[in-house]
Amino acid sequence: MKTLTVVGARPEFVQTAPLAREISARPGITGDLIHTGQHYDYEMSELFFSQLELPEPKFHLGVGSGSHGVQTGAMLAELDTVYLGEQPDVVITHGDTNSTVAAALSAAKLGIPVAHVEAGLRSWNRGMPEELNRVVTDHLADLLYCPGEAAAENLRNEGITEGVAIVGDLMRDSLRWTMQGVDVPKTLADHGVSSGEFFFATIHRAENTDDRDVLRSILEGLAGVAQIYPVILPAHPRTRPLIHDIGVPPRVEIIEPVGHAEAMALVGDAAAVLTDSGGLQKEVYWLQTPCVTVREQTEWVETVAAGWNRLVTTDPEAIEAATREAVASRPAHPELYGDGHTAERIVDHLLMSLGRRGKPTSE
Ligand code: UD1
């Protein structure tokens, strides 16, 4: 079976690494990567490829940044050509970015089976580009790999029942692999912080950065939080100039985006993490660090139900209060989103359902 996996943005590199390793280790299945070029800075792309030991993409589409339509359209045009030349048995696409939806749409229109990994997630907020990307991708996909039962239920509610499998989350596999090579004491020393006595923060979502007043409010919240412990904030390239323009609060250290190993070392030893990232909320949970999510909704509802994740508005006082609460609480920690062996389950399922060329057989 010949697979082509499309990646383009940071979370997809983390997700695909264990799957690429599993595909290359297994008989009867081969795989190549296509990099759309959505993320292109060294810290946003190459650093992840080298740290996660990802194979060189066979195709690099180099689409770069642009409006959603321009970016997605450029991907579609290039993907058509690659798919037609390569004739894969299945296209694998991860998550919810513009690269995700382009990968699925181009393949579906060419009649190539689509496998969507991280299927069924919903924020119920159609104002988020990621929500539109997820909904469209799920409805185009032939095989839908859900991290947990809640995601499978979301699909059922939308009438999608064929080709659905609950397999856990590939980021759990990646975390297991990354943590083996992490030097926590060195990372903490490099950043001049002590274990449990700092916060780790990331802010990059359009809804939190595009409006200056919203970002200013979040920064005021971080200023309050920084009175407890210092804050380390690796800034996404879209956020960095905006923060510097508004003004960096005292005891908040803005650093370049960090790779997976460094991020996980810091997350694991932080007093709490403040973020608007999707993937990071799960990693923070697995590392048993409390999380404050600066968003109105989360797709990772189980982390909130377990008491480890708090949703908070951009109001500075709410951010500080939720952080104080998070630091003080230590609820039970049930296993969520699999056991770190998701890649094996996905490859088993691909081989079982697509063993012969053509559309998958039903479950
Ligand atoms: C994308 C995903 C988001 C994911 C995030 C992970 C979509 C709609 N959003 O958001 O779901 O959480 O990736 O990081 O696909 N830029 C650079 N260098 C880069 C990449 C981006 O400078 O290597 C700047 C550009 O100004 C660009 C902006 O960041 O316009 C936004 O990048 P884009 O890829 O469009 O979206 P993200 O915010 O990264």
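As the structure is a computational prediction, the values presented were derived from the model and not from experiment.

**A look at the overall build of the protein chain**
Part 1 of the reasoning: Counting secondary structure elements, the protein chain contains 16 helices and 13 strands.
Part 2 of the reasoning: Against the 2.2 N^0.38 benchmark of 21 Å for 363 residues, the protein chain shows a C-alpha radius of gyration of 20 Å, consistent with a compact globule.
Part 3 of the reasoning: Projected onto its principal axes, the C-alpha coordinates of the protein chain cover approximately 60 × 40 × 40 Å.
Part 4 of the reasoning: Considering the protein chain as a whole, with its 363 residues, one finds that 58% of them fall into the buried category.
Part 5 of the reasoning: Contacts spanning at least 24 positions in sequence make up 67% of the contacts within the protein chain whose residues lie at least 6 apart.
Part 6 of the reasoning: Per element, the accessible surface of the protein chain, about 14,300 Å² overall, is 51% carbon and sulfur.
Part 7 of the reasoning: A distance of 3 Å separates the average location of the 28 positive side-chain charges in the protein chain from that of its 51 negative side-chain charges.

**Let's talk about the sheet that holds strand 13 (residues 309–311)**
Part 1 of the reasoning: As summarised here, the arrangement of the six strands in space is 10-9-8-11-12-13, forming an open sheet in which the pairing is parallel. Each edge of the sheet is formed by a strand with only one pairing partner; in this case those strands are strand 10 (252–255) and strand 13. The average angle at which neighbouring strand axes cross in this sheet is 20°, direction not considered.
Part 2 of the reasoning: For strand 9 (residues 231–234) and strand 10, the ladder comprises four bridges, and the chain directions are parallel. Looking across to strand 10, one finds that Pro234 is bridged to Ile255.
Part 3 of the reasoning: Of the strands in this sheet, strand 8 (199–202), strand 9, strand 10 and strand 11 (272–275) touch helix 10 (residues 212–225), which is tilted by about 145° from strand 9.

**Remarks on the site of the ligand**
Part 1 of the reasoning: Inspection of the region around the ligand gives 21 residues, with Gln38, His39, Glu130, His236 and Arg238 positioned closest.
Part 2 of the reasoning: In this structure, Asp41 approaches the ligand through a main-chain N or O atom, which is 2.9 Å from an oxygen atom.
Part 3 of the reasoning: One of the backbone N or O atoms of Asn98 is found 2.9 Å from an oxygen atom in the ligand.
Part 4 of the reasoning: The set of elements that each furnish at least two residues to the shell around the ligand consists of helix 1 (10–25), helix 3 (68–86) and helix 5 (129–140).
Part 5 of the reasoning: For the shell around the ligand, the residue count by class is six nonpolar, nine polar and six charged.

**Comments concerning the sheet that holds strand 6 (residues 143–146)**
Part 1 of the reasoning: Taken in spatial order, the seven strands line up as 3-2-1-4-5-6-7 in an open sheet, and their pairing is parallel. Of all strands in the sheet, those with a lone pairing partner are strand 3 (59–60) and strand 7 (164–166), marking the two edges.
Part 2 of the reasoning: The sheet contact formed by strand 6 and strand 7 spans three bridges and is parallel. Within strand 7, the residue paired with Tyr145 across the bridge is Ala165.

**Section: the pairing of strand 4 (residues 90–94)**
Part 1 of the reasoning: Counting buried residues along strand 4, five of its five residues qualify, which places the element largely inside the surrounding structure.
Part 2 of the reasoning: Alternating positions in strand 4 separate into two faces, Val90, Ile92 and His94 on one and Val91 and Thr93 on the other, with burial throughout.
Part 3 of the reasoning: Two elements, strand 1 (residues 2–7) and strand 4, share four bridges in a ladder whose sense is parallel. When the bridges of strand 4 are listed, Val6 appears paired with Thr93.
Part 4 of the reasoning: Across four bridges, strand 4 lies against strand 5 (residues 114–117) in parallel orientation. Along strand 5, the bridge assignment pairs Val91 with Val114.
Part 5 of the reasoning: As a crossover connection, the stretch from strand 4 through helix 4 (residues 98–109) into strand 5 is right-handed.

**Concerning the layout of surface pockets**
Part 1 of the reasoning: Approximately 190 Å³ is the volume attributed to the second largest pocket.
Part 2 of the reasoning: Surrounding the second largest pocket, Asn125, Glu207, Asn208, Val214, Val294, Arg295, Glu296, Gln297, Val312, Thr313 and Thr314 form its lining.
Part 3 of the reasoning: Among the residues forming the lining of the second largest pocket, the class breakdown is three nonpolar, five polar and three charged.

**Details of empty space enclosed by the protein**
Part 1 of the reasoning: Throughout the structure, instances matching the rule amount to one cavity of 30 Å³ or more.
Part 2 of the reasoning: Empty space within the largest cavity amounts to approximately 40 Å³.
Part 3 of the reasoning: If you trace the largest cavity, you find it lined by Gln15, His94, Val117, Glu118, Pro147, Gly168, Asp169 and Leu170.
Part 4 of the reasoning: Within the lining of the largest cavity, the residues separate by chemical class into three nonpolar, three polar and two charged.

**Concerning the packing of aromatic side chains**
Part 1 of the reasoning: The full count for this structure, using the stated rule, is six aromatic pairs.
Part 2 of the reasoning: Ring centres of Tyr285 and Trp308 lie 6.2 Å apart, and the angle between their planes is 85°; on these two criteria the pair is classed as edge-to-face. One end of the pair, Tyr285, is in helix 13 (residues 279–286); the other, Trp308, is in the loop between helix 14 (301–305) and strand 13, with 23 residues separating them in the sequence. Residue Tyr285 shares its accessibility class with Trp308, and that shared class is buried.
Part 3 of the reasoning: Each ring, one from Trp300 and one from Tyr337, has its centre 5.1 Å from the other, and the planes form 80°; the classification is edge-to-face. Remark: Tyr337 occurs in the loop between helix 15 (316–328) and helix 16 (342–353) and Trp300 occurs in the loop between strand 12 (291–293) and helix 14; sequence separation between them is 37 residues. Side by side, Trp300 and Tyr337 carry an identical accessibility label, which is buried.
Part 4 of the reasoning: Feature note: the residues Phe13, Phe48 and Phe49 constitute an aromatic cluster, connected by ring pairs.

Rules behind the numbers
Residues numbered from 1 in each chain as written. Predicted model: local features only at pLDDT ≥ 70, side-chain atom pairs only at ≥ 80, totals over all residues. Heavy atoms only, no water. Helix = DSSP H or I, 4+ residues; strand = E, 2+ residues; numbered from the N terminus. Rg over C-alpha atoms; globule rule 2.2 N^0.38 Å. Buried < 20%, exposed > 50% of the residue type's maximum accessible area, 1.4 Å probe, protein only. Contact = heavy atoms within 4.5 Å. Areas by Shrake-Rupley, 256 points an atom, 1.4 Å probe, with all protein chains shown as cover. Lys, Arg positive; Asp, Glu negative; His and termini not counted. Charge placed at Lys NZ, Arg CZ, Asp CG, Glu CD. Pairing = 2+ DSSP bridges. Axes fitted to C-alpha atoms, helices over the stretch in contact; angles between N-to-C directions. Near = heavy atom within 4 Å. Polar contact = N/O pair within 3.5 Å; in protein donor to acceptor, adjacent residues only side chain to side chain. Nonpolar A, V, L, I, M, F, W, Y, C, P; charged D, E, K, R; others polar. Right-handed = clockwise from strand over helix to strand, strands pointing away. 1 Å grid on protein atoms, 1.4 Å probe; cavity = no way out; pocket = protein on both sides within 12 Å on 5 of 7 lines; lining within 4 Å. Points joined across faces, edges and corners; volume = space filled by probe spheres on them. Phe/Tyr/Trp six-rings, centres within 6.5 Å; stacked < 30°, edge-to-face > 60°.

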